[in-house]
Amino acid sequence: LIERNDALQTVIQLSAASNGSDGGALWPTLPWNEVDEKHHLWNFRRCILKKEMPDILKNIETNKMSPSEIVLHLLDRLVVIEKDFAKRVFKSKQRDDARGKSTIPGYAESHVRAEDDAVVKAAMEESQRVEKSVADIKSALSSGTKVLASRL
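Summarised in this report is the structure supplied together with it. (Residues numbered from 1 in each chain as written. Predicted model: local features only at pLDDT ≥ 70, side-chain atom pairs only at ≥ 80, totals over all residues. Heavy atoms only, no water.)

With that settled, consider helix H4 (residues 67-103). Over its 37 residues, H4 extends 53 Å from the first C-alpha to the last, a length consistent with the 54 Å expected when each residue adds 1.5 Å. Taken as a whole, H4 has its buried residues at Ile-70, Leu-75, Val-79, Glu-82, Ala-86, Val-89, Lys-93, Asp-97 and Gly-100. (Helix = DSSP H or I, 4+ residues; strand = E, 2+ residues; numbered from the N terminus. Expected span 1.5 Å × (residues − 1). Buried < 20%, exposed > 50% of the residue type's maximum accessible area, 1.4 Å probe, protein only.)

This is the structure in structure tokens:
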């Protein structure tokens, strides 16, 4: 029982050691093992963001952005990512259409064009929805509005 308790303590200590010698994250500290109770969830999320999206966050830590500036930066990046995704979906379908026409007889007559494709339209609509949502959030933040209706 004592050995098992020592092993558990070692795991807890290891999970609390989330920063490498260069300040980079090794792995996220689990929120329930966080020593700093006040910021435990933010520290966990920040670690995940650093691991999953280092190119998005590279300027945040070097420029010492405030939490509100970080949120605005990430919201702007979200819009860019969504627009890029929608463009890529459209271009992919256009390439499929071009290849299909050149290799499959009757392709153009039996397949939906990229401009009319339901998946392409859904990606474009989602991009526009995200862009509007981000604009609404930024407007609410700048005007001091405290409540935004959830769209979930």
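Looking now at helix H6 (residues 118-143). Helix length check: H6, at 26 residues, gives a terminal C-alpha distance of 37 Å against a target of 38 Å (1.5 Å per residue), a fit within 8%. All buried positions along H6 are accounted for by Val-120, Ala-123, Ser-127, Val-130, Ser-133, Val-134 and Ala-140. On the buried face of H6, the contacting elements are H4. Capping the start of H6, Asp-117 holds a side-chain oxygen 3.1 Å from the backbone nitrogen of Val-119, two or three residues further along. (Contact = heavy atoms within 4.5 Å. Polar contact = N/O pair within 3.5 Å; in protein donor to acceptor, adjacent residues only side chain to side chain.)

Shape is all these values report; function is a separate question.
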